[in-house]
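# Summary of structural features
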Amino acid sequence: MANSFVQNNGVASDYHEVVIVGVGMTGMCQLHYLKREGVDVLALERNSEVGGTWYNNRYPGCRFDSESFTYAYSFSQEVLEEWDWSERFAAQNETLRYTQFVADKFDLRDNIEFNVSVKSAHFQETENLWKIRLEDGRSIECRYLITSIGALSTPTLPRFDGLDSFKGESFHTFHWPHRGINLEGKRVAVIGSGSTGVQVVSEIADKVGHLTVLQRRPNWCAPLKNGKISPEEMSDIRDRYAEIFETCNSTHGGFLHDADPRGFHTVTREERLALWEKLYDEPGFGIWLSNFKEIFIEEDANAEFSEFIAGKIRQRVDDPAVAELLIPKDHGFGIQRVPLETKYYEIFNRDNVNLVSLLDEPIERITESGIKTETAEYEFDVIVYATGFDAMSGAFDQIDFRGVGGQKLIDKWSDGPMTYMGMFVSGFPNMITLLGPQTGSYSTNFPRAIEAVSSWSTDFVLHMRKNGKIRFDAEAAAEEAWCEESQASINQRLLRNAKSWFHGFNANVKGHDTLKPRPYIYVGGNPKYVRRLTDIKNRDYEGVTIT
Ligand code: NAP
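Presented here is an overview of the structure given in this document.

Tracing the chain through its elements places Gln215 in strand β9 (residues 210-215). Setting aside anything within four residues of it in sequence, one finds Gln215 in contact with Ser193, Leu325, Leu326, Tyr344, Leu355, Val356, Ser357, Leu358 and Leu359.

So this is what it looks like as structure tokens:
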């Protein structure tokens, strides 16, 4: 065990070879992988349970956009045998139960301290250790610090005047009361129309007295087409798990969906329309990921497909003026994250639902009784903020990370993140940033990337141990090159034009209200990313100085 190695070096007892911060899907996987190798590992979790995203987000309608059986962990045959998914796209409570089931199965809770928040993590240069301070005043030391603190775990509220003056109930979707809230007969406002807002309003429209959807920029949404999984279907899925995961690991996005192999320009318009009609009718992200590649690279191809989707919106929304408001004009389909929806557009045909376009009448302030826009005043009982997250780097900014020479991570990343493979930060030795900015995870079905990076970092920790090494640090040149490669992966796609959390943009957060010069994501695809990680390992961890 690493512990005895460390004790030989006279290190204090409140010490673990590895400390993992955050026990959502990523932290759980990493914890299990290290634990089964006998590594002395402690995981710290600010919630009272495992599950991360699936623990925190309790808003009505919260569910996967990934097929449940492709989102599952693939590492345990036993879990695959024992867990049944009830729906093609499972709801939040089912996924939370799944994470709890996995935690129980592998006794993960034995290595987790719950209800603790990390305040700071400072690298101790002489001892090559991290000193972690907790909000409760305690401190813990570790050789290796692994962060799995979530890409979308720091919710952001708008910077409206009067936010606290509202006398009714108001909350961010991330803080939807766990006790639940009765919306029957209530006048409810939902601000925001990203994936979260779309899910919430679709679910509550027929349960509230009156619903007002306050939309700034509309998104291109497409049908989720959820459905139950029968016992026979589950049995078939179980028989095909190996094949399912093999396919997911081979596709750009880590899903069963993969780009149409025909070229956009090599087929007729009729053939394009036939594919699009088929995809619009099928479940999940096929409409995005099984489409022609050119749609996400060429402006004209994108415009033609966007017009097809606009036609669908016009068909589904009765009032032509409302339909036009719901059609994005500032970006094409798939350039930002596509929210998948269940009867979203149809809610606007209901008498108790109205759409307010904040592009036409921006919000001036929140009042005691509701919301005042530039042209009207609305009264509400409940205001829901589906206003998104300080994505990717936000969770890092909450913790005072300091590396070599006391350098603050927040300062190093002031122009946007700099990482090597999204896993290491030069000048912050002995730290692994799982699912941090610039990992391959952002171009994939998260758990497929989670398993790959957790396995890679486990091998890395074992490599350090086997070779009696106690310090690693990414080389600045390798970091620079990865930033460039990440930027190049974006530049090749129309995604470069997105003004969204993909690029760390969030108008509600000072410093993130303009686009940063550095990339937040790598979108070269999961297979390429995993190959790069494997090559690095095979070349004796090229780009990392190990001492
Ligand atoms: P989001 O995509 O960032 O959307 C935030 C929404 O709030 C946008 O419509 C934004 O409008 C609006 N907004 C923000 N600040 C505003 C302000 N001051 N005034 C008016 N409107 C404002 O956040 P999200 O919907 O929470 O989704 C984030 C990500 O979480 C998704 O992209 C997805 O990856 C993940 N997610 C996944 C699922 C799933 O798997 N099913 C479900 C939910 C979320 P603008 O666009 O004009 O800024």
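The rest of the description comes next.
Now for unusual backbone geometry. In this model, Lys343 sits at a positive phi of 55 degrees, which is unusual for a non-glycine residue. Structurally, the position occupied by Lys343 is in the loop between β11 (340-341) and α14 (344-347). The class of Lys343 is exposed, set by a relative accessible area of 59%. Phi is positive for Leu435, close to 55 degrees, though the residue is something other than glycine. Of note, Leu435 is situated in the loop between β18 (431-433) and α17 (446-466). Here Leu435 falls in the buried class, since its relative accessible area comes to 10%.

As a further point, take the site of the ligand. Taken together, 24 residues lie around the ligand, and Arg63, Ser193, Thr196, Arg216 and Trp501 are the ones closest in. Separating an oxygen atom of the ligand from a backbone N or O atom of Gly194 is a distance of 3.5 Å. In this structure, an oxygen atom belonging to the ligand sits 3.2 Å away from a main-chain N or O atom of Ala386. For the ligand, the protein covers 86% of the area, taking 910 Å² as the surface of the free molecule. Examining the composition of the shell around the ligand, we find that three residues originate from one element, helix α7 (residues 195-204), more than from any other. Taken together, the residues that form the shell around the ligand break down as 10 nonpolar, nine polar and five charged.

As a further point, take the pairing of strand β1 (residues 15-21). The two faces of a sheet get side chains in turn, since along a regular strand they alternate between them. Counting buried residues along β1, seven of its seven residues qualify, which places the element largely inside the surrounding structure. Relative to strand β6 (residues 139-147), β1 runs parallel, the two being bridged by six bridges. Opposite Val21, over in β6, you have Thr147 as the bridge partner. In the sheet, β1 pairs with strand β2 (residues 41-44) via four bridges, with the strands oriented parallel.

For helix α12 (residues 299-316), built from 18 residues, the straight-helix expectation of 26 Å at 1.5 Å per residue is met to within 8% by its first-to-last C-alpha distance of 26 Å. Buried within α12 we find Ala301, Asn302, Phe305, Ser306, Phe308, Ile309, Ala310, Lys312, Ile313 and Arg316. In this structure, the buried residues of α12 make contact with β10 (222-223), α10 (269-280), α11 (286-289), α13 (320-326), β11 and α14.

Conventions we followed
- Residues numbered from 1 in each chain as written.
- Predicted model: local features only at pLDDT ≥ 70, side-chain atom pairs only at ≥ 80, totals over all residues.
- Heavy atoms only, no water.
- Helix = DSSP H or I, 4+ residues; strand = E, 2+ residues; numbered from the N terminus.
- Contact = heavy atoms within 4.5 Å.
- Buried < 20%, exposed > 50% of the residue type's maximum accessible area, 1.4 Å probe, protein only.
- Near = heavy atom within 4 Å.
- Polar contact = N/O pair within 3.5 Å; in protein donor to acceptor, adjacent residues only side chain to side chain.
- Areas by Shrake-Rupley, 256 points an atom, 1.4 Å probe, with all protein chains shown as cover.
- Nonpolar A, V, L, I, M, F, W, Y, C, P; charged D, E, K, R; others polar.
- Pairing = 2+ DSSP bridges.
- Expected span 1.5 Å × (residues − 1).

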